[in-house]
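# Topology and contacts: notes
So the chains spell out like this:
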Amino acid sequence: MLCAVYKSPKKAQTYLFVEKRDDFSRVPEPLLNTFGKPVLVTLVNLAKKDKLAFADINKVKTELVDNGFYLQLPPPQEDLLKEHLKAQGRSEYE
């Protein structure tokens, strides 16, 4: 299964996987508007991959077949203050 991976010029660390290069026909228009003009990053043969760096490969394959695209969002940002307080054994509201 070959797919194309695009990055968003508007949203950092946000990627769109589609079944065919430059075919966004199954991607909802509001998503494309928010995503911005897709910038091609790479073509990936998912059949020859066991895993992906930041996405579950089985979920990507399923979403591509079912919806024609997969949207990879950035991981949630760490709350460094919360982590610091936790390391010190304090709650957020002390």
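Report follows, based on the coordinates. (Residues numbered from 1 in each chain as written. Predicted model: local features only at pLDDT ≥ 70, side-chain atom pairs only at ≥ 80, totals over all residues. Heavy atoms only, no water.)

Attention shifts here to the packing of aromatic side chains. Here the structure, examined in full by the defined rule, presents two aromatic pairs. Seen from their ring centres, Y6 and F24 are 5.0 Å apart, and the 65° between their planes marks the pair as edge-to-face. Taken together, the positions of Y6 in strand β1 (residues 2-7) and F24 in the loop between β2 (15-18) and α1 (29-35) put the pair 18 residues apart, joining distant regions of the chain. We note that Y6, like F24, is buried. (Phe/Tyr/Trp six-rings, centres within 6.5 Å; stacked < 30°, edge-to-face > 60°. Helix = DSSP H or I, 4+ residues; strand = E, 2+ residues; numbered from the N terminus. Buried < 20%, exposed > 50% of the residue type's maximum accessible area, 1.4 Å probe, protein only.)

Reading across the sheet, the four strands line up as β3-β1-β2-β4 and stay open at both edges, with antiparallel pairing between neighbours. Sheet topology places β3 (39-45) and β4 (69-72) at the edges, where each strand pairs with a single neighbour. The average undirected angle you get between the axes of adjacent strands in this sheet is 20°. By the bridge criterion, six bridges tie β1 to β3 in an arrangement that is antiparallel. Counted as the bridge partner of Y6 is L40 from β3. Strands in contact with helix α2 (residues 57-67) are β1, β2 and β4; relative to β4, the strand with the most contacts, it is inclined by about 135°. (Pairing = 2+ DSSP bridges. Axes fitted to C-alpha atoms, helices over the stretch in contact; angles between N-to-C directions. Contact = heavy atoms within 4.5 Å.)

Attention now goes to the layout of surface pockets. By volume, the largest pocket amounts to about 170 Å³. Together, V5, Y15, F17, V41, T42, V44, L52, A53, F54 and Q72 line the largest pocket. Among the residues making up the lining of the largest pocket, the classes are represented as eight nonpolar, two polar and no charged. (1 Å grid on protein atoms, 1.4 Å probe; cavity = no way out; pocket = protein on both sides within 12 Å on 5 of 7 lines; lining within 4 Å. Points joined across faces, edges and corners; volume = space filled by probe spheres on them. Nonpolar A, V, L, I, M, F, W, Y, C, P; charged D, E, K, R; others polar.)

Another point: the side chain of Q72. If you trace the backbone, Q72 turns up in strand β4. If we skip the residues at most four places from it in the chain, Q72 touches Q13, T14, Y15, F17, F54 and A55.

Once that is clear, we can look at the nonpolar core. C3, V5, F17, V44, L46, L52, A55, I57, V60, L64 and Y70 form the largest nonpolar core, which has 11 residues in total. Secondary structure elements with two or more residues in this core: β1 and α2. Tallying contributions element by element places α2 first for this core, with three residues. In this structure, F17 is in contact with C3, A4, V5, L52, V60, L64, G68, F69, Y70 and Q72, ignoring residues within four places of it in sequence. In terms of nonpolar packing, the next biggest core, distinct from the first, is built from 10 residues, A4, V18, L32 and F35 among them. (Core = buried A, V, L, I, M, F, W, Y, C linked by side-chain atoms within 4.5 Å.)

The next point concerns the pattern of salt bridges. One pass over the structure, following the stated rule, counts one salt bridge. Between E19 and R26 there is a salt bridge; the shortest N-O distance is 3.1 Å. Note on E19: relative accessible area 32%, which makes it partly exposed. (Salt bridge = Lys/Arg side-chain N within 4 Å of Asp/Glu carboxyl O.)

The analysis is restricted to geometry; functional conclusions fall outside its scope.
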